[in-house]
Amino acid sequence: MDRESQINSLQADLLSMVADHLTPVALRCGYSDVPLETNIKWRPQVLVIGNYSSGKSTLINEFLGAAIQATGQAPTDDSFTIITYDDSAPKGSSVYVTEERDGNYLLNDPEYPFEILKKYGEKFASHFRLKKVNSPFLKNLAIIDTPGMLDTIFERDRGYNYQEVIGDLSQLADLVVVLFDPHKAGTVRELQTILKDIIPNRTFDDRVIFALNRIDECSSLIDLLQVYGTLCWNLSQMTVRKDIPMIRLTYSPHAKAAYSNVSDSNTSYLRHLDNQREEVREAVLDAPRHRLDHLATFVETHGRRLSHLLEALLTYRKKRSAFRAKYTLIGFIISMLCGGASVFALNMNKTFAGIDQQTLFSGGAAVALTILVLWLIILTKYFTPVFHKKCLKNLDTLTVIKNQTHRDSWEAIRNIAKNYLTKTGGRFSLKKEFADVRRVCDKGSQEIRETMKELSTIRHDEHIKAPNPN
Ligand SMILES: Nc1nc2c(ncn2[C@@H]2O[C@H](COP(=O)(O)OP(=O)(O)O)[C@@H](O)[C@H]2O)c(=O)[nH]1
Ligand SMILES: [Mg+2]
């Protein structure tokens, strides 16, 4: 099996693991309103962000091999564009946009994972679109081009929450490419906020790559070094990381040629530098592998949280059973005592002196049984609801926090547990589901990681030995 097929098969396994084992529980317990796999079933995605005119669309056009996106010095394009492959397009012809769809289509078609963006309203929908392109570059991934980030308050008033949209898209994306340019080396405020407050909460460090683009526009090597230093400083202020992330130095050879014609700049310093555009291209092409990490983390995180949720709910059930068993025992003892007392009282009472022993004991048993039934009714109608309310009030007693990860997952599911207990009144059985989710968490994620480790040792062009069918 080649690497690509191996990746595809692992991806299919992960999806079915989510669909078969996690989604039914997630829907039943109110953990999610839509099947969990909705957000991950589509192709790998690469999100390209940066300030306006940092060269995002130029870079994407170069990857695709045609002028698919509009480019220009001013903030040219104020739309989010999902650029994806058109399988049905004729092969071998020149690269072009085969189909274009608007935001409302994209937000409502269940084939795409963008339903979550519906909440940003009509204004956003009118700035969201899909382009299908027949470029082979897109065979295994989709690229998301974004409107550039801006500085002034007036320009930022877009009519929808731009930063949150970027946050949601970076959560969906398998790779986020952040472009800077020498004119605004990390100084654009909107980008600063996104890198500081949005991206770190929605994705992981290793899914974000940085590039200082348009380096051919520096006037000298010293100028470039100064720009680079400024960007490093700004990045250190924006990212929560202790180290400075790697920043690739890139430029578009085509745009450079056009730029050199209109300016008399001396770009001889570029001879000393590799254009690291190829590295960015490689990283983008490697997004399907990030996809696997993404999916594995997705399965692990949701598996862990669901398992934690079920564990807490089962703890509730155990406590409730113990409570009911204790009170039933108390009721039994009370009813036996009452039954005994009534036999004794009847025995002592002269009015019943002639009654035979059997009738006497039957009377005592009837008293005991009546009291027990009354007690059980009171237990169900009064004591159990009081216990239930007390549990809801002291929800944290349903879990023992072992570490920070456990604390985080409890934070994420606490209200879900509360809602489920309120909705069901505490009457449910989830033992089988818990065992199932547990199995996915323990065995499933271990197997996934092992297969991924195996995959990471295989280069793109190498082949994996097909398993012996015997
Ligand atoms: N000199 C030079 N110009 C570039 C480079 N990349 C893009 N440009 C130019 O910068 C302008 C903005 O590029 P564009 O791709 O539209 O930026 P976007 O707003 O980030 O999508 C266009 O006029 C491009 O031709 C580059 O590497 N070098
Ligand atoms: Mg653009």
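1. Here's the deal with helix H8 (residues 221–238)
Line of reasoning, step 1. Spanning 18 residues, H8 covers 25 Å between terminal C-alpha atoms, matching the ideal 26 Å at 1.5 Å per step.
Line of reasoning, step 2. Here H8 has its buried residues at Leu224, Val227, Leu231, Cys232, Asn234, Leu235 and Met238.
Line of reasoning, step 3. Packing partners of the buried residues in H8 comprise strand E6 (175–180), helix H7 (189–202), strand E7 (208–212) and strand E8 (247–249).

2. Re the pattern of salt bridges
Line of reasoning, step 1. Here the structure, examined in full by the defined rule, presents 14 salt bridges.
Line of reasoning, step 2. One salt bridge in this structure joins glutamate 99 and arginine 101, with 2.9 Å as the shortest N-O distance.
Line of reasoning, step 3. Given a relative accessible area of 34%, arginine 101 falls into the partly exposed group.
Line of reasoning, step 4. Put simply, arginine 439 and aspartate 436 hold a salt bridge, and the shortest N to O gap is 2.8 Å. Taken together, the residues arginine 439 and aspartate 436, both in helix H14 (residues 431–456) and three residues apart, mark about one turn of the helix.
Line of reasoning, step 5. Aspartate 436 gets classed as buried once you look at its relative accessible area, which sits at 17%.
Line of reasoning, step 6. Among the ionic contacts, a cluster of salt bridges with common partners joins Glu99, Arg101 and Lys132.

3. Topic: the pairing of strand E1 (residues 45–50)
Line of reasoning, step 1. Among the six residues that make up E1, six are buried, leaving the element largely enclosed by the rest of the structure.
Line of reasoning, step 2. The alternating pattern of E1 places Gln45, Leu47 and Ile49 and Val46, Val48 and Gly50 on opposite faces, both of which are buried.

4. What to know about the site of ligand 1
Line of reasoning, step 1. The environment of ligand 1 is made up of 19 residues, and the closest members are Ser53, Lys56, Thr58, Asp216 and Ser252.
Line of reasoning, step 2. Out of a free accessible area of 570 Å², ligand 1 has 89% covered by protein chains.
Line of reasoning, step 3. Counting residues per element, the shell around ligand 1 draws most heavily on helix H2 (residues 56–64), which supplies three residues.
Line of reasoning, step 4. Its residues assigned to classes, the shell around ligand 1 comprises four nonpolar, eleven polar and four charged.

5. Describing the layout of surface pockets
Line of reasoning, step 1. Each pocket or cavity is described by its volume, and for the largest pocket that value is around 980 Å³.
Line of reasoning, step 2. Lining of the largest pocket is provided by 29 residues; of these, Asn39, Gln171, Phe298, His302 and Arg305 occupy positions nearest its centre.
Line of reasoning, step 3. At the level of elements, helix H6 (162–172), H7, helix H11 (287–348) and helix H13 (404–424) are the ones that each hand at least two residues to the lining of the largest pocket.
Line of reasoning, step 4. The element that contributes the greatest number of residues to the lining of the largest pocket is H11, accounting for eight residues.
Line of reasoning, step 5. When grouped by side-chain class, the residues that make up the lining of the largest pocket number nine nonpolar, eleven polar and nine charged.
Line of reasoning, step 6. Counting contributing residues per domain, the lining of the largest pocket is built from domain 1 (1–41 + 292–470) and domain 2 (43–285), each supplying no fewer than three.

6. Some thoughts on a nonpolar patch on the surface
Line of reasoning, step 1. Where nonpolar side chains cluster on the molecular surface, the patch consists of Leu329, Phe332, Ile333, Met336 and Leu337 and spans about 510 Å² of accessible area.
Line of reasoning, step 2. Within the element layout of this structure, leucine 337 appears in helix H11.

7. Section: H14
Line of reasoning, step 1. With 26 residues, H14 extends 37 Å from end C-alpha to end C-alpha; this agrees with the ideal 38 Å at 1.5 Å per step.
Line of reasoning, step 2. Residue glycine 444 marks the point of greatest curvature in H14, where the axis turns by about 30°.

8. Structural notes on the domain arrangement of the protein
Line of reasoning, step 1. Each assigned domain of the protein is listed here: domain 1 (1–41 + 292–470) and domain 2 (43–285).
Line of reasoning, step 2. One C-alpha centre belongs to domain 1, the other to domain 2; they are set 45 Å apart.
Line of reasoning, step 3. Facing the nine residues of domain 1 at the interface are 14 residues of domain 2.
Line of reasoning, step 4. The junction of domain 1 with domain 2 conceals about 870 Å² of combined surface from both sides, 44% of it contributed by carbon and sulfur atoms.
Line of reasoning, step 5. Per-residue buried area on domain 1 facing domain 2 is highest for Asn39, Lys41 and His294; these three make up 56% of the total on that side.

Criteria and cut-off values
Residues numbered from 1 in each chain as written. Chains lettered and ligands numbered in written order. Predicted model: local features only at pLDDT ≥ 70, side-chain atom pairs only at ≥ 80, totals over all residues. Heavy atoms only, no water. Helix = DSSP H or I, 4+ residues; strand = E, 2+ residues; numbered from the N terminus. Expected span 1.5 Å × (residues − 1). Buried < 20%, exposed > 50% of the residue type's maximum accessible area, 1.4 Å probe, protein only. Contact = heavy atoms within 4.5 Å. Salt bridge = Lys/Arg side-chain N within 4 Å of Asp/Glu carboxyl O. Near = heavy atom within 4 Å. Areas by Shrake-Rupley, 256 points an atom, 1.4 Å probe, with all protein chains shown as cover. Nonpolar A, V, L, I, M, F, W, Y, C, P; charged D, E, K, R; others polar. 1 Å grid on protein atoms, 1.4 Å probe; cavity = no way out; pocket = protein on both sides within 12 Å on 5 of 7 lines; lining within 4 Å. Points joined across faces, edges and corners; volume = space filled by probe spheres on them. Domains from an automatic or database assignment. Patch = residues over 30% accessible without salt bridge, like charges linked within 9 Å, V, L, I, M, F, W, Y side chains within 5 Å. Bend = angle between axes of the 7 residues up to and from the residue. Buried area = accessible area lost by both parts, 1.4 Å probe.

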